[in-house]
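Secondary and tertiary structure notes
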Amino acid sequence: MSDDEFRNIRDSIYNHCGIYFDDDSKYLLEKRLARRLSALSLNNFREYYHFLKYDRNKDQEMTDIMDVLTTNETYFFRESFQLAAFTDEIIPELIRVKSARGNRVLRIWSAGCSTGEEPYTIAMLLRDMHALHGWKIEIIGTDISQRVLQHARRGIYTKSSFRATEEGYIKRFFYEYDNGLKVSDDIREMVTISHLNLFDKTRMMMLGKMDLIFCRNVIIYFDLAAKKRVVEEFHRSLNDGGFLLLGHSESLMNITTLFTLRHFKNDMIYQKPERLVLGGGV
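Residues numbered from 1 in each chain as written. Predicted model: local features only at pLDDT ≥ 70, side-chain atom pairs only at ≥ 80, totals over all residues. Heavy atoms only, no water.

1. Describing the overall build of the chain
Within the chain, the secondary structure is distributed over 11 helices and 10 strands. For the chain, the spread of C-alpha atoms along the three principal axes comes to 65 × 65 × 30 Å. Looking at the chain as a whole, 50% of its 282 residues qualify as buried. Residue pairs in contact within the chain that sit at least 24 positions apart in sequence constitute 74% of those at least 6 positions apart. Split by element, the accessible area of the chain, about 14,700 Å² in all, is 49% carbon and sulfur. In the chain, 40 side chains carry a positive charge and 40 a negative one; their mean positions are 3 Å apart. (Helix = DSSP H or I, 4+ residues; strand = E, 2+ residues; numbered from the N terminus. Buried < 20%, exposed > 50% of the residue type's maximum accessible area, 1.4 Å probe, protein only. Contact = heavy atoms within 4.5 Å. Areas by Shrake-Rupley, 256 points an atom, 1.4 Å probe, with all protein chains shown as cover. Lys, Arg positive; Asp, Glu negative; His and termini not counted. Charge placed at Lys NZ, Arg CZ, Asp CG, Glu CD.)

Have a look at this one:
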């Protein structure tokens with residue numbers, strides 16, 4: 001892969017989804033995409049770039065690239081301190097606020113849900129909350145990789161996914177299936193799994209307004225401009241007073257001032273401020 005080929009292919013991927021490869025990542029990109037050349041019977045990366053730019057199957061190829069380029073290491077009940085803030089502090093606050101407004105619908109988005117452990121974790125935690133009895137709960141898990149979404153829809157997991165899972169949850173919400181453990185139907189029915197590119201503004205708008213967004217360890221793959229674009233879309237997607245939960249190593253510092261950083265007992269969480277409603281003049 002020449003330097004020009006690297007830059008052209010890198011920029012095509014970036015413009016599609018925001019994932020950015022700096023100059024030091026040339027070898028990584030070349031190594032991972034070599035299998036795509038083989039699959040398409042192309043001779044070199046110049047032909048591959050031409051395919052990405054002009055072929056009628058270019059959109060499908062971009063989808064296939066995501067399966068090759070993205071890493072999807074995750075497990076159930078990841079980042080327990082943040083989940084404690086979610087169950088013990090954030091959800092009770094949302095229940096109070098929404099109940100006061102006569103709104104008993106809770107909508108949560110797991111953006112970059114990978115193989116599904118995160119949205120199913122959310123479902124298990126909410127299932128145990130008696131204060132949500134009678135509420136309509138919508139949990140949406142999205143990812144750009146079709147491969148991991150297929151895994152999420154199957155809902156079958158092996159030992160590595162349960163490294164932080166209490167035995168009680170395994171006994172209640174999983175059963176043995178096909179050399180693994182499968183998520184019970186009542187938990188799977190709480191979650192909708194869907195393909196989504198976070199650079200696709202139209203599709204993001206179609207999701208509707210959310211009360212809370214999990215986007216953990218996703219924007220680390222973006223450069224500053226892409227982070228700003230995606231985070232501003234999250235802001236638009238959230239109801240006033242809604243929450244954005246990032247990964248423990250991620251921050252909105254130098255990205256945007258649209259969110260307030262709330263200091264909860266268990267963690268610090270970003271919140272979309274309530275809009276001020278100004279009264280009329282005298």
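2. So, the packing of aromatic side chains
A complete count under the given rule lists 14 aromatic pairs for this structure. Note that Lys-182 overlies the ring of Tyr-177, its terminal NZ or CZ placed 4.5 Å from the centroid. Between the NZ or CZ atom of Arg-229 and the centre of the ring of Phe-199, over which it lies, the distance is 3.8 Å. (Phe/Tyr/Trp six-rings, centres within 6.5 Å; stacked < 30°, edge-to-face > 60°. Lys NZ or Arg CZ within 6 Å of the ring centre and 35° of its normal.)

3. Let's talk about the pattern of salt bridges
Taken as a whole and assessed by the stated rule, the structure comprises 18 salt bridges. In this structure, Arg-36 and Glu-61 form a salt bridge, with 2.7 Å as the shortest nitrogen-oxygen distance. In this pair, Arg-36 is assigned in helix α2 (residues 26-40) and Glu-61 in helix α4 (residues 58-69), connecting sequence segments 25 residues apart. In this pair, the class of Arg-36 matches that of Glu-61, namely buried. Put simply, Arg-10, Asp-11 and Asp-23 are held in one network by salt bridges that share partners. (Salt bridge = Lys/Arg side-chain N within 4 Å of Asp/Glu carboxyl O.)

4. Focus: the sheet that holds strand β5 (residues 180-183)
Read from one edge of the open sheet, 3 strands run β3-β5-β4, paired in antiparallel fashion. Each of the sheet's edge strands pairs with one partner strand only, and the pair in question is β3 (156-157) and β4 (174-177). (Pairing = 2+ DSSP bridges.)

5. Looking at the side chain of Gln-271
Residue placement: Gln-271 occurs in strand β10 (residues 268-271). Looking at Gln-271, the relative accessible area reads 11%, which means it is buried. Looking at Gln-271, its side chain comes within polar contact range of the main-chain oxygen of Gly-241, at 2.9 Å. Among the polar contacts made by the side chain of Gln-271, one reaches the side chain of Arg-262 at a distance of 2.6 Å. (Polar contact = N/O pair within 3.5 Å; in protein donor to acceptor, adjacent residues only side chain to side chain.)

6. A word on the packing of helix α3 (residues 45-54) against α4
Following both chains from N to C, one finds α3 and α4 inclined at 115°, their axes separated by 7 Å at the closest point. Mapping the contact onto sequence places Tyr-48, Phe-51, Leu-52, Lys-53 and Tyr-54 in α3 and Lys-58, Glu-61, Met-62 and Ile-65 in α4. For the contact of α3 with α4, the per-class residue count stands at 6 nonpolar, no polar and 3 charged. (Axes fitted to C-alpha atoms, helices over the stretch in contact; angles between N-to-C directions. Nonpolar A, V, L, I, M, F, W, Y, C, P; charged D, E, K, R; others polar.)

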